[in-house]
Each structure stands twice: as structure tokens, then as C-alpha cells.
Amino acid sequence: MLKELIDKFYMDRQRDKEQHHFYITDAGKCPRATFFKFKNAPREKMDARVLRMFDHGDYMQMQILSTLLSLGIVRASEINIPPQELISGRADAIISLGNELYVVDFKSMNSMIFKNLSSAKEENINQLQLYLHFFKIPKGILLYINKDSLELKEFIINYNPTLARTLLEDLSALKNKLDKNIVPQRIPDYPDNWQCQYCQFKEICAAAGENEINWEDFKNKITPTP
Ligand code: SF4
């Protein structure tokens, strides 16, 4: 009774929305999946339990931020990158420690993933690199939270201008494909890449084949005729 109501609340909140600009979380991710998000292509719905878990992660991150605020080391929180055309994003916090500034990004995960985490995850480093780039701060911290035990792990990341430039160039190239309606090719290690395992566009990606194709032609094929 209550469970159904709560599930429905989460499912109703999950609307397919066309994306109009890049988010920092898109950096370094599968360009084809990002293309499909922009075009509002048909996607698998997430179940309500997974959506609740995302919310739960957000609450934990707020709790950690509140601790950092109490420590008096937060110089800014929930801070947007300076406005520019290509991409938008919001860093969790900028802190100062020993006269140095750090951009901090919180990530929460389950025990199993946390236990095996011996270095920062590539996708999180990519995201942090762009924050460092736009805020012009040379160092950042990725702080991982175990959702089950509340243990923490942290990794200090130095700004890598070459990596930041490559990530931005890749997004510009994808913008070009979006404008020209060219669906990018699959990522090279499809379907073994972790992104494919969790991808909401698995089904249409399989139907699209391996190489670049024209979006309008493909859309006509996958859209049922009335
Ligand atoms: S299934 Fe893999 S290659 Fe295809 S869109 Fe998703 S992440 Fe990209």
C-alpha cells in the first residue's frame, strides 16, 4: 500500500527529458549514450529502488558537507562552474587546508565496490579535472563514502591540463555530431565496459550497430508508426 505509493512517487519523478547542454558528469563517458540522452531516445526505466538509493547517497553527501562546514574549512559549497557555452556543473565544495585550496567531490557507493576501491575511479577523476580546470585550482580531493558502513576513503588528485583539454575537445567533437545528427560509434570495449552494463540505451545501441549512423534515419526505424 505505502510501498506502491512511494514507488510511484519515484517513478513519476523519472521523466525522459531532452538534454540541451553537457554536464561535467558527461566528460569521458560513452559519447553514444550522451548523444542518446540529448536526443531523448527511448531508454530503459530505472526501478524505484535504484532511484531511492541515489537519493540516499545525496543525503549522505549532505551529511559529510555539514561536517566540513562545522570544521570551518569550507570556502564555498554547491558551487557552479563559471558560465560558458559548452558545459555546466556544480562542485560539492571548495575547502582550504593548510593555506591550500582543494575542490572536493563526494561519491557514495555500496560496501562491495568500496572494499575493492584502491584508487580513484577514472570517471570521477575526469569530472574533478574539469572542476580544477574551470576553478583554476591545482588540487582536488575525491572523498568516497561507504553507504553501508559510513567508512571513508580519499584520494588527492592534481590538475592535469592535458587531460582536461582532451576531455573538453572530446565534448566539442560530440557537440559537432549532435548538431549534424550523427550517432557516434560504440565505445571500443562494448559490451564489456562497465558503462554498457548499466546503460539505459543498451537495447537501441544493439539495434544501431557498431558504427556511426544518421540519427534521423535510425529514429524513423525505431519509432513505431501510428
Ligand atoms: S551500450 Fe555501451 S556503447 Fe552502447 S550506448 Fe550504452 S554505454 Fe555506449
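## Considering the overall build of the protein chain
A tally of regular secondary structure across the protein chain gives nine helices and nine strands. Scaling as 2.2 N^0.38, a compact globule of 226 residues should have a C-alpha radius of gyration of about 17 Å, and the protein chain matches this with 19 Å. When its C-alpha atoms are laid out on the principal axes, the protein chain stretches across 60 × 50 × 30 Å. Looking at the protein chain residue by residue over its 226 residues, the buried ones come to 24%.

## A closer look at the packing of helix α1 (residues 2-13) against helix α3 (residues 48-71)
Between α1 and α3, whose axes approach to 9 Å, the crossing angle comes to 80°. Put simply, α1 runs roughly perpendicular to α3. On α3, the residues that touch D7, Y10 and M11 of α1 are A48, L51 and R52. Here the contact of α1 with α3 is composed, by residue class, of four nonpolar, no polar and two charged.

## Examining the environment of S66
Among the structural elements, S66 can be located in helix α3. For S66, a count of 12 C-beta atoms within 10 Å corresponds to the exposed category. S66 sits 70 residues away from K136 along the chain, and the two C-alpha atoms are 25 Å apart.

## Here's the deal with unusual backbone geometry
Put simply, Y190 and P191 share a cis peptide bond, and its omega is 0°. Within the secondary structure layout, P191 lies in the loop between β8 (182-183) and α7 (194-197). Positive phi, close to 55°, is recorded for K136, a residue that is not glycine. Following the sequence through the fold, K136 ends up in the loop between α5 (122-135) and β6 (139-146). Judged by the 9 C-beta atoms lying within 10 Å of it, K136 is exposed. Look at N181: it is not a glycine, yet its phi comes out positive at around 60°.

## Considering the site of the ligand
Close to the ligand lie 13 residues, the nearest being C30, R186, C196, C199 and C205. Here the residues of the shell around the ligand are counted per class, giving eight nonpolar, two polar and three charged.

## Digging into the environment of R13
For R13, the location among the structural elements is in helix α1. Residues R13 and A48, 35 residues apart in the sequence, show an inter-C-alpha distance of 9.8 Å.

## Details of the packing of α5 against helix α6 (residues 161-180)
Between α5 and α6, the shortest axis-to-axis distance is 9 Å and the interhelical angle comes to 100°. Here α5 lies roughly perpendicular to α6, going by the angle between them. Seen from α5, the contacting residues are N126, Q129, L130 and H133; seen from α6, they are L163, A164 and L167. Across the contact of α5 with α6, the residue classes break down as four nonpolar, three polar and no charged.

## Remarks on the sheet that holds strand β4 (residues 90-97)
Taken together, the five strands give an open sheet; going across it, the order is β2-β4-β5-β6-β7, and neighbouring strands pair in mixed fashion. Looking at the sheet topology across the chains shown, the edges are occupied by β2 (74-80) and β7 (152-158). Averaged over all pairs of adjacent strands, the angle between their axes in this sheet comes to 25°, without regard to strand direction. When β2 meets β4, the two strands line up antiparallel, connected through five bridges.

## Here we look at the nonpolar core
Ranked by size, the top nonpolar core spans 36 residues in total, and within it V103, Y131 and F201 carry the most contacts. Elements supplying a minimum of two residues to this core: α2 (31-38), β4, β5 (100-109), α5, β6, α6 and α8 (202-208). Ranked by residue count, the leading element in this core is α5, at five residues. If sequence neighbours within four positions are ignored, V103 has contacts with A91, I94, L128, Y131, L132, F135, I137 and G140.

Rules used in this analysis
- Every chain's residues receive numbers from 1 upward, in the order its sequence appears when written.
- In keeping with the model being predicted, local features are shown solely for residues with a pLDDT of at least 70 and side-chain atom pairs are shown and tallied solely at 80 or more, while totals for entire chains, interfaces and linings include all residues.
- Think of it this way: any DSSP run of H or I at least four residues long counts as a helix, any run of E at least two long counts as a strand, and we number them from the N terminus.
- We take the radius of gyration over the C-alpha atoms and set the globule estimate at 2.2 Å times the residue count to the 0.38 power.
- Counting other C-beta atoms within 10 Å of a residue's own tells you its class, since 20 or more makes it buried, 12 or fewer makes it exposed, and anything in between is partly exposed; those C-beta atoms are placed from the backbone.
- Helix axes are fitted only over the stretch in contact, all axes being lines through C-alpha atoms; the angle between N-to-C directions runs from 0 to 180 degrees.
- Roughly parallel here means an angle under 35 degrees, roughly antiparallel means over 145, roughly perpendicular means 65 to 115, and every remaining angle is called oblique.
- Two residues form a contact once the distance between their C-beta atoms, set from the backbone, is within 7 Å.
- When residues are grouped by polarity, Ala, Val, Leu, Ile, Met, Phe, Trp, Tyr, Cys and Pro land in nonpolar, Asp, Glu, Lys and Arg in charged, and all others, Gly among them, in polar.
- Think of it this way: take the backbone, place a C-beta atom on it, and check whether that atom is within 6 Å of the molecule or strand, in which case the residue is near it.
- A strand pair is defined by DSSP finding two or more bridges across the two strands.
- Among buried residues, those of type Ala, Val, Leu, Ile, Met, Phe, Trp, Tyr and Cys that are joined through C-beta atoms within 7 Å form a set called a nonpolar core.

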